[in-house]
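Chain by chain, the residues:
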Amino acid sequence: MKVLFGYSSRIHVVGWDYTNRAGGFLLASNHISHFDPPIISSVVRRKIDWMAMAEFFAVPGLGHFLRAVDAFPAARDRADRKTIRSAIERLKDGRIVGVFPEGGIRDGARSLLGGAPLRPGASTLAHMAGVPIVPCVILGSDRLYAKRNWLPLRRTPVWIAFGQAISHFPELEKSVARARIEQELADGFQRLYAELRRKFQLTRDDLPHPPRERMRSQPKNPRRRLHRAAANAVDFAMCVSMNLVQSRHRLNGRSAEEMDRYVVECEKLTPHEYYAAPKDVGLIAAIQNGNRFSLTWRSPIETEFPRNNVARADFFPCGRGKAAPTVFMLHALMSATHIGYRRWAARFNELGWNACFVHLPYHYSRVPPGHWNGELAITADLIRNAEGLRQGVIEVRQLIGALRDHGYGEFGILGTSYGGWIGALLAMVERDLRFVALMCPIVNVEHAIWQNPGTAFMRRELRRAKIAPELVARHFHLSSPLHNEPACDPARVLFVSGDFDLIARPADIDAIQQKWRGSELLRVPQGHFGYRVMRETVMRLKERGF
């Protein structure tokens, strides 16, 4: 098997040491193809006795082979005492028994990686045999169903991650122990899945697909290639312009020391404390019924730029007034014009929603003299970046609170890119939101700073100032949605990613959608910059009845 899969595949393994242990244990893996058992066996030094479907043993030749490698049959539709007894005996003899808790090949929402519940067999076996369970996640093996991937020199990549052994909890009562094992095993699968996607920057095509879909020949689509090339060209041009704008802002010799002090203070705070929104009496007084109007109030976050210290939002009420829900539209970084958002506000009014266009920090009416729209929102000055995000989140929370005090009821968030980042942070602290639609949001701050093509100059300045990634990472519990959980119901969160996005990578949005279990992911064939994503998002919100 090592020779066979060494020829056909490039196998990347994470956490191999967790399998290098003495004694018996249960190896539990997700199941995406018939190639999984031999591939996993080829990277584990000890022999694995696989529990296989009973139907396979009736096939001439195959059944003989399976018995020869010490596999044993298991019925998928019922608990077989003979199978359980055989598995327990092998485990107590110090052997490794391999199982697939899904009960068959699964992908998408039907798989444990997609949030489907585990079958209880693995936890029962581990508890009865008194052995630990080592979780395993395998990705990429389903692509071996395509004949072209067996051609010479193709070497299809396969990724495998092993996790830390999970105890059988002998000190707990039987039902409690089994429930605890199942929960820890499910969490372990999700952690390994997220780790593989993050570490190897996996794309949608790398993730599990149905075998029949893999078997079908994938015809080349010249139009899609053209769309990708055009999207990449636009994204690249915008990244160049972002770096040119950032080059106007350099750090000083005290930047590392200032950053360290700021992070030390922030480490003491939770997101709810960091983004706490004081009530603004003036804002509440300014809200009134009538035609379209603008709200201005003093921002609770003071900056060195007076114009940025005045918060503003343009409110577009529909005919239903206070009885209608309100959607907050949070624009992208350096958004060129507000005309498109005003048009969408009119569309929301037609749908029976109030719309509120928020001027985010350093944008539109808040641009300091001598600067471009949004120029100061993201630079190498990470403290100003963080405080700008904080400003945006707190000001929207103040708006929600003031509108609620004035009799408005339900609220939704519609954020794009930088606005999507702020929207994701709002979802971390606001529990009562009707929906949170995040289009191409910045969710992985680690990638946004240290790998994003739009922040190349920023990285150069940070390294020159000797600001290390480890220091920046200490702020992620407040600023990076991917490193946090939502306070609102994840089922009300819609992530929208561009298939060709170079800035908000689809892999990162896939990862947060998996972490925020219950949320939805919508994929759109465009890059980071484009108009299709808004149309598709609003259409999806209408379909879901939001």
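Summarised in this report is the structure supplied together with it. (Residues numbered from 1 in each chain as written. Predicted model: local features only at pLDDT ≥ 70, side-chain atom pairs only at ≥ 80, totals over all residues. Heavy atoms only, no water.)

Side note on the packing of helix 5 (residues 121-129) against helix 6 (residues 174-199)
Step number 1: It is at 9 Å that the axes of helix 5 and helix 6 come closest, and there the two elements cross at 125 degrees. With respect to their mutual orientation, helix 5 and helix 6 come out oblique. Once helix 5 is placed against helix 6, the crossing between them reads as right-handed. Between helix 5, through Ala122, Ser123, Thr124, His127 and Met128, and helix 6, the contact on the second element is made entirely by Lys174, Ala177, Arg178, Ile181, Glu182 and Leu185.
Step number 2: For the contact of helix 5 with helix 6, the per-class residue count stands at five nonpolar, three polar and three charged. (Axes fitted to C-alpha atoms, helices over the stretch in contact; angles between N-to-C directions. Helix = DSSP H or I, 4+ residues; strand = E, 2+ residues; numbered from the N terminus. Parallel < 35°, antiparallel > 145°, perpendicular 65-115°, else oblique. Left-handed = near helix turned anticlockwise from the far one by under 90°. Contact = heavy atoms within 4.5 Å. Nonpolar A, V, L, I, M, F, W, Y, C, P; charged D, E, K, R; others polar.)

Examining empty space enclosed by the protein
Step number 1: The full count for this structure, using the stated rule, is two cavities of 30 Å³ or more.
Step number 2: What the largest cavity holds in volume is close to 60 Å³.
Step number 3: Every residue lining the largest cavity is listed: Pro441, Ile442, Val443, Asn444, His447, Ala448, Asn452, Ile503, Ala504, Arg505 and Asp508.
Step number 4: The class makeup of the residues in the lining of the largest cavity is six nonpolar, three polar and two charged.
Step number 5: There is about 40 Å³ of room inside the second largest cavity.
Step number 6: Along the walls of the second largest cavity sit Met242, Val245, Gln246, Leu333, Met334, Gly374, Glu375 and Ile378, which together make up its complete lining.
Step number 7: The class makeup of the residues in the lining of the second largest cavity is five nonpolar, two polar and one charged. (1 Å grid on protein atoms, 1.4 Å probe; cavity = no way out; pocket = protein on both sides within 12 Å on 5 of 7 lines; lining within 4 Å. Points joined across faces, edges and corners; volume = space filled by probe spheres on them.)

Concerning a nonpolar patch on the surface
Step number 1: A cluster of nonpolar side chains, Met1, Leu4, Val59, Leu62, Phe65 and Val69, forms an exposed patch at the surface whose accessible area comes to about 480 Å².
Step number 2: Tracing the chain through its elements places Met1 in the segment before helix 1 (2-8). (Patch = residues over 30% accessible without salt bridge, like charges linked within 9 Å, V, L, I, M, F, W, Y side chains within 5 Å. Areas by Shrake-Rupley, 256 points an atom, 1.4 Å probe, with all protein chains shown as cover. Salt bridge = Lys/Arg side-chain N within 4 Å of Asp/Glu carboxyl O.)

Focus: the packing of helix 6 against helix 19 (residues 506-515)
Step number 1: Interaxial distance between helix 6 and helix 19 falls to 10 Å at its minimum, and their mutual angle equals 170 degrees. When the interaxial angle is binned, helix 6 and helix 19 end up roughly antiparallel. Between helix 6 and helix 19, the residues in contact are Gln190, Tyr193 and Arg197 and Ala507, Asp510, Ala511 and Gln514, respectively.
Step number 2: Looking at the contact of helix 6 with helix 19, its residues break down into three nonpolar, two polar and two charged.

Focus: the pairing of strand 5 (residues 96-99)
Step number 1: Residues Ile96 and Gly98 point to one face of strand 5 and Val97 and Val99 to the other, with burial holding for every one of them.
Step number 2: The pairing of strand 2 (residues 25-29) with strand 5 spans four bridges and is parallel. Its bridge partner being in strand 5, Leu27 is matched across the sheet by Gly98. (Buried < 20%, exposed > 50% of the residue type's maximum accessible area, 1.4 Å probe, protein only. Pairing = 2+ DSSP bridges.)

Considerations on the pairing of strand 6 (residues 133-139)
Step number 1: Counting buried positions along strand 6 gives seven out of seven residues, so the element sits mostly inside the fold.
Step number 2: By the alternation rule, side chains of strand 6 split into Ile133, Pro135, Val137 and Leu139 and Val134, Cys136 and Ile138, which are all buried.
Step number 3: Here strand 2 runs beside strand 6; their pairing, made up of four bridges, is parallel. The residue of strand 6 that forms the bridge with Ser29 is Cys136.
Step number 4: Here strand 6 runs beside strand 7 (residues 156-162); their pairing, made up of four bridges, is antiparallel. From the neighbouring strand, Leu139 faces strand 7, where its bridge partner is Trp159.

Brief notes about the environment of Asp80
Step number 1: Residue placement: Asp80 occurs in the loop between strand 4 (72-74) and helix 4 (81-92).
Step number 2: The exposure class assigned to Asp80 is partly exposed, which follows from its relative accessible area of 23%.
Step number 3: Measuring from C-alpha to C-alpha, the distance between Asp80 and Met1 comes to 30 Å, with 79 residues separating the pair along the chain.

A few points about the pattern of salt bridges
Step number 1: For the coordinates displayed, the defined rule picks out 34 salt bridges.
Step number 2: In this structure, the salt-bridge partner of Arg390 is Glu387, at a minimum N-O distance of 3.4 Å. In this pair, Arg390 and Glu387 are both assigned in helix 13 (residues 382-405), three residues apart and thus about one turn of the helix distant.
Step number 3: When salt bridges that share partners are traced, they join Lys47, Asp49, Asp70, Arg90 and Arg95 into one network.

What about the side chain of Ser42?
Step number 1: Considering the arrangement of structural elements, one finds Ser42 in helix 2 (residues 36-43).
Step number 2: Given the relative accessible area of 11%, Ser42 is considered buried.
Step number 3: Here the side chain of Ser42 touches Ile39 through a polar contact of 2.6 Å, landing on its backbone oxygen.
Step number 4: Residues within four places of Ser42 in sequence aside, it is in contact with Met1, Lys2 and Ile11. (Polar contact = N/O pair within 3.5 Å; in protein donor to acceptor, adjacent residues only side chain to side chain.)

Overview of the nonpolar core
Considering soluble globular proteins, one finds that nonpolar side chains tend to be buried as a cluster.
Step number 1: Membership of the largest hydrophobic core comes to 106 residues, with the highest contact counts inside it found for Phe328, Leu330, Val358, Leu399, Leu414 and Tyr418.
Step number 2: Looking at which element gives the most residues to this core, the answer is helix 13, with 10 residues.
Step number 3: Every residue in contact with Leu414, bar those within four places of it in the chain, is listed here: Val327, Phe328, Met329, Leu330, Phe348, Ala437, Met439, Met534, Thr537 and Leu541.
Step number 4: In this structure, Leu26, Leu118, Val131 and Leu192 belong to the second largest nonpolar core, which totals 34 residues. (Core = buried A, V, L, I, M, F, W, Y, C linked by side-chain atoms within 4.5 Å.)

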